[in-house]
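Commentary on secondary and tertiary structure
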Amino acid sequence: MASDTSRSLHLWCSFVHKSVTVYPRSAPGARFSLTKQNKCVRSMFFAYGRDNATPSNSLLGILKFENVYKFKVALFTHKILNGSTNISTIFHRTLTRASEIHTHNTRFASKLNFHRPKANNNYGTSTFAFVSSKLWETIPTNIKRLPYTSFFNQYKLYLLNTQSSV
């Protein structure tokens, strides 16, 4: 069974993962990518077209579409937080740590969170600064403190565990 699972995962990575573009959930292409991902996973397991794809995703260790988006945003945010050199300096100025706003030592700031900019409309809530700061708050603090490679692995495991428990 393990060899079948690894073959299926290899097929997934070869054919689908490269072509699934990560969109915000509100983008026009998001529904298409989600449908494409679910159809491909169902076809790998010869499942009926209306079956839920979540058990198959969990078996293969594949993140659901929404979690792929969260994962990509969190990885980029982690790079910004740690001052990665392969990111443009423009992005380093988009996020402000909560501890830089004022000198009070609050629980919010001690969890390495970012200051969330005010948003008066839907455009404001879809900006990178707003989305990434909101998402970053949901990540456990012990995972946020890890170096990039450990963060990559631990956050992916965290997302896989939370999606299978829902």
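The structure this text deals with has already been given above.
Residues numbered from 1 in each chain as written. Predicted model: local features only at pLDDT ≥ 70, side-chain atom pairs only at ≥ 80, totals over all residues. Heavy atoms only, no water.

**Some remarks on the overall build of the chain**
- Looking only at helices and strands, the chain features 10 helices and zero strands.
- Walking the chain from its N terminus toward its C terminus, one meets helices and strands in the order α-α-α-α-α-α-α-α-α-α.
- Contacts in the chain between residues far apart in sequence, at least 24 positions, make up 53% of those at least 6 positions apart.
- Counting every atom, the chain has about 10600 Å² of accessible surface; 56% of that belongs to carbon and sulfur. (Helix = DSSP H or I, 4+ residues; strand = E, 2+ residues; numbered from the N terminus. Contact = heavy atoms within 4.5 Å. Areas by Shrake-Rupley, 256 points an atom, 1.4 Å probe, with all protein chains shown as cover.)

**Some remarks on the side chain of Lys144**
- On the secondary structure map, Lys144 appears in helix 9 (residues 141-144).
- Within the structure, Lys144 has its side chain in polar contact with the backbone oxygen of Trp136 (distance 3.1 Å).
- Lys144 has contacts with His78, Lys111, Leu112, Asn113, Trp136, Glu137, Ile139 and Phe151, leaving out every residue within four places of it along the chain. (Polar contact = N/O pair within 3.5 Å; in protein donor to acceptor, adjacent residues only side chain to side chain.)

**Some words on the packing of aromatic side chains**
- Inspection of the entire model under this criterion finds six aromatic pairs.
- An angle of 65 degrees between the planes, with centres 5.0 Å apart, marks the rings of Phe71 and Phe152 as edge-to-face. Separated by 81 residues along the polypeptide, Phe71 in helix 4 (residues 65-81) and Phe152 in helix 10 (residues 148-165) bring together distant segments of the chain.
- Following the ring pairs from residue to residue traces out a cluster consisting of Phe71, Trp136, Phe151, Phe152, Tyr155 and Tyr158. (Phe/Tyr/Trp six-rings, centres within 6.5 Å; stacked < 30°, edge-to-face > 60°.)

**Remarks on the nonpolar core**
- By size, the foremost hydrophobic cluster in this structure holds 21 residues, and its most contacted members are Leu63, Phe71, Ala74, Trp136, Ile139, Phe151 and Tyr155.
- Considering every element that reaches this core, the biggest residue donor is helix 4, with eight residues.
- Discounting residues that sit within four places of it in the chain, Leu63 has contacts with Gln37, Val68, Phe71, Lys156, Leu159, Leu160 and Gln163.
- Counting five residues, the second-largest nonpolar core is a separate cluster that includes Val41, Met44, Ala53 and Leu60. (Core = buried A, V, L, I, M, F, W, Y, C linked by side-chain atoms within 4.5 Å. Buried < 20%, exposed > 50% of the residue type's maximum accessible area, 1.4 Å probe, protein only.)

**Some words on the side chain of Ser133**
- If you trace the backbone, Ser133 turns up in helix 8 (residues 128-138).
- Overall, Ser133 belongs to the buried group, its relative accessible area being 0%.
- Of the polar contacts made by the side chain of Ser133, one reaches the backbone oxygen of Phe130; its length is 3.0 Å.
- Excluding residues that lie within four positions of it along the chain, Ser133 makes contacts with Phe114, His115, Arg116, Pro117 and Phe128.

That is the geometry; function is a separate question.
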